[in-house]
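# Close look at the chain arrangement
Residue-level listing of the chains:
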Amino acid sequence: MRKFLALMLLAGVLFSCQDESVSDDGADDAFVPLCFDKEYYEKPFLERFQSIAFSGGSDDLSIEVSDAEILDAAMGNGKIYIAPKKKGIVDVVVRDDADDTSVAIKIKVIDKYLCLRLAAPVPNGSRYYRKGDRLFLVNDKNGTFYLYDDAWSLKNTGSYRLFRENAQCRLSLSFSEKDVFVYDISKSSHGLLFGIIPSYLDCSWGNGDLVGCSRSELSVTSMTAVDLDTNDAYIFYADTAEMPYGILN
């Protein structure tokens, strides 16, 4: 309920900031029809507001959600603001009462995920990685990861695990039963280790001191992954790219 009230308050503030569509002679300005970029959207189950932009339409808009148990939605400033409650699919209808039209879209709330993009230089002889690869860590019960190349072709999928060992933060990636790589990520940015990873992947490093964690890195969203077998270091950056649609539940 508190999230929904906050969403309504946010929409009210945004509406109050919109310009009145009135011309100098007092007549309403002409407006273009309401339009979304897509008819279908996937949004992760994050505990924060997310938005979907649209164009056109008048100032006399209303919104209907087919299942309020999945998400709440409000409108303002050319965007729909949603607050997910659980996974599922809803139909959202935006009505423009000025010209008695409506536009329908579908929104699917999916598992949370974290996208990490590999930066240069990539260690020589790397079997699985190339510059620009995107690694998606999904917050599902199996701990699934997906690795895409820079052209969005799926290269590999497997499972991951985040854990503590010897007072250090670890990430393991299992490409197969034989190909399991364990990385020390303790020297990653403090913001990624203790802000982004816990928020997106529900990971808690537990109580106690962790060694090797720095607060003075070049980026607050970088992950330094050191292969424990080869000592090769890979640098990833948190990326805002969306997971390709139709993959996640």
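Notes on the structure follow.

## Structural notes on the overall build of the chain
- Secondary structure assignment for the chain yields two helices and 16 strands.
- Residue burial in the chain is summarised as follows: out of 249 residues, 41% are buried.
- A sequence separation of at least 24 residues applies to 57% of the contacts in the chain between residues at least 6 apart.
- For the chain, the accessible area works out to roughly 13600 Å², and carbon and sulfur atoms hold 49% of it.

## Quick look at the nonpolar core
- Counting 29 residues, the largest nonpolar core has Tyr129, Leu162, Leu173, Ile185 and Ile197 as the members making the most contacts within it.
- For this core, the element with the most residues is helix α2 (residues 190-201), which contributes five residues.
- Leave out the neighbours within four places in its chain, and Leu162 touches Arg170, Leu171, Ile185, Ile197, Leu201, Cys203 and Trp205.
- In this structure, Leu34, Leu61, Ala73 and Ile80 belong to the second largest nonpolar core, which totals 18 residues.

## As for the environment of Asp100
- Mapping Asp100 onto the fold places it in the loop between β7 (88-96) and β8 (101-110).
- Residue classification places Asp100 among the exposed positions, given a relative accessible area of 70%.
- Taking the C-alpha atoms as reference points, Asp100 and Leu61, 39 residues apart in sequence, are found 9.9 Å from one another.

Cut-offs used in this document
Residues numbered from 1 in each chain as written. Predicted model: local features only at pLDDT ≥ 70, side-chain atom pairs only at ≥ 80, totals over all residues. Heavy atoms only, no water. Helix = DSSP H or I, 4+ residues; strand = E, 2+ residues; numbered from the N terminus. Buried < 20%, exposed > 50% of the residue type's maximum accessible area, 1.4 Å probe, protein only. Contact = heavy atoms within 4.5 Å. Areas by Shrake-Rupley, 256 points an atom, 1.4 Å probe, with all protein chains shown as cover. Core = buried A, V, L, I, M, F, W, Y, C linked by side-chain atoms within 4.5 Å.

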